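An overview of the molecular structure
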Amino acid sequence: MKLLSIIEDSEFIIQTLKLGALIAYPTEAVFGLGCDPDNEAAVHKVLALKQRPVDKGLILVAKTYSQLLPYVDDAKIPMHKRTEIFSSWPGPVTWLLPAAKQAPKWITGDSDLIAVRVSHHLVVSQLCKLFGKPLISTSANVSGAKPAVNTEQLYQQFDKTLLLVDGALGGEKKPSQIRHGISGQTIRDN
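The paragraphs below set out a description of the structure included in this document. (Residues numbered from 1 in each chain as written. Predicted model: local features only at pLDDT ≥ 70, side-chain atom pairs only at ≥ 80, totals over all residues. Heavy atoms only, no water.)

**Remarks on the nonpolar core**
Among soluble globular proteins, nonpolar side chains are generally buried collectively. With 38 residues, the main nonpolar core has L68, W89, L97, I114 and L154 as its most contacted residues. Mapped onto this core, the elements with two or more residues apiece are strand 3 (31-34), helix 2 (40-50), strand 4 (59-62), helix 3 (65-68), strand 5 (93-98), helix 5 (105-108) and strand 6 (113-118). Sorting elements by how many residues they give to this core places helix 2 first, with four residues. The next biggest cluster of nonpolar side chains, apart from the first, holds 16 residues, and it includes L4, V123, V124 and V165. (Core = buried A, V, L, I, M, F, W, Y, C linked by side-chain atoms within 4.5 Å. Buried < 20%, exposed > 50% of the residue type's maximum accessible area, 1.4 Å probe, protein only. Helix = DSSP H or I, 4+ residues; strand = E, 2+ residues; numbered from the N terminus.)

**Concerning the pattern of salt bridges**
Tallying each qualifying case throughout the model produces seven salt bridges. As a salt-bridge pair, K133 and D38 come within 2.7 Å of each other at their nearest N and O atoms. Of this pair, K133 sits in the loop between helix 6 (122-131) and strand 7 (135-139) while D38 sits in the loop between strand 3 and helix 2, and the two are 95 residues apart along the sequence. A single salt-bridge network, built from bridges that share partners, covers D36, D38 and K133. (Salt bridge = Lys/Arg side-chain N within 4 Å of Asp/Glu carboxyl O.)

**Thoughts on helix 2**
Listed in full, the buried residues belonging to helix 2 are A42, V43, V46, L47 and K50. Summarising the axial view, the buried residues of helix 2 lie within an arc of 145°, below the 170-degree limit, and thus occupy one face. Exposed and oriented more than 90 degrees from the buried face of helix 2 are A41 and A48. A side-chain oxygen of the first residue of helix 2 lies 3.2 Å from the backbone nitrogen of A41; this N-cap is N39. Downstream of helix 2 by a residue or two, Q51 has a phi angle that is positive, lying close to 60°. (Arc of directions from axis to C-beta. Polar contact = N/O pair within 3.5 Å; in protein donor to acceptor, adjacent residues only side chain to side chain.)

Structure representation (structure tokens):
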């Protein structure tokens, strides 16, 4: 794996994302795999690497909620849920929100909802800021295996040509909590 610095290699990282490359990067609790969410071929590369079906959908991670607006139908978020949702960000909570009509099915899967998170992790925030939009964010593991929490585990599960953005994990013990933005139900607890 090629280790990249968010500061020294930022132009290279962004250009490779624009060209459909995949990256591995630290998140709040585990390493993530990401790519340009609008590049269908890149998203399918992530799904193939993880051996994950497209119908399950993927998470988008962003620096700000405004980066998520092209993918989320903001008008369909109930007023009584907005404070709960927006006060949890930036942070390790992923919300299932109504998907915008133009949200790609390769992100939403078989759902009318889209999984989104505004991260407080420095590397994730910097990547999304430099890229100017959200990234696909899925745990760095083959489906059914434990997510990678160190570079050795990344090497064991994935091709060594994968680009790795340098940085430390954020200190959370488990991947982000996932909550339903309409019902408030917890889908996955952290």
